[in-house]
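# Descriptive analysis of the structure
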Amino acid sequence: MKALRYVAVGQAPEVVEIPIPKPGPGQVLLKVTAGGVCHSDDFVMGLPEKEYLEQGYPLPMTLGHEGAGIVHELGEGVDSTLKVGDAVAVYGPWGCGRCHNCSMGMENYCTNAAAEGIRPPGLGSQGSMAEYMIVDDARHLVPLDGLDPVKNVSLTDAGLTPYHAIKRSLPKLGAGTFAVVIGTGGLGHVGIQILKALSGATIIALDVSDEKLELATHVGADHVIISDAAAAEKIRDLTNGLGVNAVFDFVGATPTMALAQSIAALDSDVTIVGIGGGSMTLGFGAIAYDAAVRIPYWGSRSELIEVLDLARAGKIDVEIQTYSLDDGPQAYEALAASTIRGRAVIVP
Ligand code: NAD
Ligand code: ZN
Ligand code: ZN
């Protein structure tokens, strides 16, 4: 089969021919229908060799932590209602399934995964950008129930991650409030739609180009602002000087985090989702009183089911650009050049 793999540190991913894997006991083999391209892949491929290997990433590694497919073969002893032929989405933040957090469906916060070497597909295990993929356990599959896999595969991360981040701030986002989304790419453009569907907040979106801001308006942002040194003042004006009740920073670089910190209202939430290498210094006077700063990771299995329900209800719609597996390397070039509108999806 063909697979898009990261083969050597510092080099672009390559399409290679490898054998179709066999599902081991308890595993499921999927015939992949779609795999989404995330900026985190770019982050991982940007790690220096020492860090890459120390953090337990294999070489070669098939990319893709957003996956959807058709159940092709069940490994020995798979105890599930899943049948060969079922269309499913992959819940990516794999955990042990036994710890307290996993038992709550929050495998993204598994307390055993690191020690037991359990890694998400495409982020340590072999991922979805291939004709077939192994899923380590049937509980990591969620039925698509009629959703188009290509259109919706990115909900497994670009939907689930903002959903998890936003859901925790909903008590602060009633009518008359303001929410800011920084970075309206893959995650951000879905985040705007989730805010629109679930909250009463007026949504202010920031990005660095007019094309990205046009997408933000298209998916429901009430105001769009170029992300530069003048942005904070514009946001203060829009909010009568009070600042905003929640900021979701899908960039996470020091300048965007500084902006987020400076526009946070009293008792607001500042949520840093982007892995842009930034940091902030907190203390009295550095941020509004009772503002809370969070660094979330991905989301829970039940939240994935909720995100898919939102899509089925027609309340969120991922903007996609599709690529074949052979053209996969070009999808990563476009991601790095920031020219993708919404999300790039590889269709094997
Ligand atoms: P993307 O490339 O699709 O989107 C990023 C957007 O940010 C682009 O539209 C870009 O133009 C914009 N941007 C860049 N610099 C900016 C600035 N200074 N101000 C405003 N906008 C700016 O990326 P994505 O796949 O949506 O991922 C976003 C970030 O979230 C990445 O850092 C990724 O690694 C991270 N991520 C985190 C989690 C998590 O669990 N915490 C999960 C998935 C992705
Ligand atoms: Zn991701
Ligand atoms: Zn666990």
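Residues numbered from 1 in each chain as written. Chains lettered and ligands numbered in written order. Predicted model: local features only at pLDDT ≥ 70, side-chain atom pairs only at ≥ 80, totals over all residues. Heavy atoms only, no water.

On the surface, a nonpolar cluster with roughly 470 Å² of combined accessible area is contributed by Leu 266, Phe 284 and Tyr 289. For Leu 266, the position within the fold is in strand β13 (residues 264-272). Residue classification places Leu 266 among the exposed residues on the basis of a relative accessible area of 60%. (Patch = residues over 30% accessible without salt bridge, like charges linked within 9 Å, V, L, I, M, F, W, Y side chains within 5 Å. Areas by Shrake-Rupley, 256 points an atom, 1.4 Å probe, with all protein chains shown as cover. Salt bridge = Lys/Arg side-chain N within 4 Å of Asp/Glu carboxyl O. Helix = DSSP H or I, 4+ residues; strand = E, 2+ residues; numbered from the N terminus. Buried < 20%, exposed > 50% of the residue type's maximum accessible area, 1.4 Å probe, protein only.)

Okay, the side chain of Asn 152 next. Within the secondary structure, Asn 152 sits in helix α5 (residues 149-152). Dropping the residues within four chain positions of it, Asn 152 is found in contact with Leu 147 and Ala 311. (Contact = heavy atoms within 4.5 Å.)

Below, the discussion takes up the side chain of Ser 169. With respect to the helices and strands, Ser 169 occurs in the loop between α6 (160-167) and β9 (178-182). Each residue touching Ser 169, except ones within four places of it in the same chain, is listed here: Ala 246, Phe 248, Asp 269, Thr 271 and Arg 294.

With that settled, consider the site of ligand 1. Residues in contact with ligand 1 amount to 27 residues; listed here are only the nearest, His 39, Asp 207, Ser 227, Trp 298 and Arg 343. In this structure, an oxygen atom belonging to ligand 1 sits 2.8 Å away from a main-chain N or O atom of Ile 275. Here an oxygen atom of ligand 1 and a backbone polar atom of Trp 298 are 2.8 Å apart. Compared with its free state, where it exposes 870 Å², ligand 1 has 87% of that area covered by protein. For the shell around ligand 1, the elements supplying multiple residues, two or more each, are α1 (39-45) and α7 (186-198). Considering only residue class, the shell around ligand 1 consists of 12 nonpolar, 11 polar and 4 charged. Here the shell around ligand 1 gathers at least three residues from each of two domains, domain 1 (2-157 + 299-347) and domain 2 (160-294). (Near = heavy atom within 4 Å. Polar contact = N/O pair within 3.5 Å; in protein donor to acceptor, adjacent residues only side chain to side chain. Nonpolar A, V, L, I, M, F, W, Y, C, P; charged D, E, K, R; others polar. Domains from an automatic or database assignment.)

With that out of the way, let us pick up the domain arrangement of the protein. By domain assignment, the protein separates into domain 1 (2-157 + 299-347) and domain 2 (160-294). A straight line from the C-alpha centre of domain 1 to that of domain 2 covers 27 Å. In this assembly, 26 residues from domain 1 lie in contact with 21 residues from domain 2. For the pair domain 1 and domain 2, the summed buried area comes to about 2000 Å², and 56% of that belongs to carbon and sulfur atoms. Of all residues in domain 1, Asp 157, Glu 303 and Arg 341 bury the most surface against domain 2, accounting for 24% of the area lost on that side. Linking domain 1 with domain 2 are 2 salt bridges. A salt bridge links Glu 214 to Arg 341; the shortest N-O distance between them is 2.5 Å. On inspection of domain 1 and its partner domain 2, the count reaches 13 residue pairs in polar contact (both at pLDDT 80 or more). Of all the secondary-structure elements, those providing two or more residues to the side of domain 1 that touches domain 2 are α1 and α11 (301-312). No other element matches α11, which puts 5 residues into the side of domain 1 that touches domain 2. Residue composition of the side of domain 1 that touches domain 2, by class: 11 nonpolar, 7 polar and 8 charged. (Buried area = accessible area lost by both parts, 1.4 Å probe.)

What follows covers the coordination of the zinc ion (ligand 2). Distances from the zinc ion (ligand 2) to its protein donors, Cys 38 (SG), His 65 (NE2) and Asp 157 (OD), fall at 1.8 to 2.3 Å. Each donor residue of the zinc ion (ligand 2) lies on the same chain, and together they follow the pattern C-x26-H-x91-D. Taken together, the residues span a long stretch of sequence, with His 65 in the loop between β4 (61-62) and β5 (66-74) and Asp 157 in the loop between α5 and α6 at a distance of 92 residues. Of the residues examined, His 65 reaches a relative accessible area of 3% and is grouped as buried. Accessibility expressed as a relative area gives 5% for Asp 157, which makes it buried. (Donors = N, O, S within 2.8 Å, 3.2 Å for Na, K, Ca; no water.)

Bringing the packing of α6 against α7 into the picture now. Between α6 and α7, whose axes approach to 9 Å, the crossing angle comes to 45°. Relative to α7, α6 is oriented oblique. When you trace α6 past α7, the crossing you get is right-handed. Every residue of α7 that contacts α6 at Thr 161, Pro 162, Tyr 163 and Ile 166 is listed here: Leu 187, Gly 191, Ile 194, Leu 195 and Leu 198. (Axes fitted to C-alpha atoms, helices over the stretch in contact; angles between N-to-C directions. Parallel < 35°, antiparallel > 145°, perpendicular 65-115°, else oblique. Left-handed = near helix turned anticlockwise from the far one by under 90°.)

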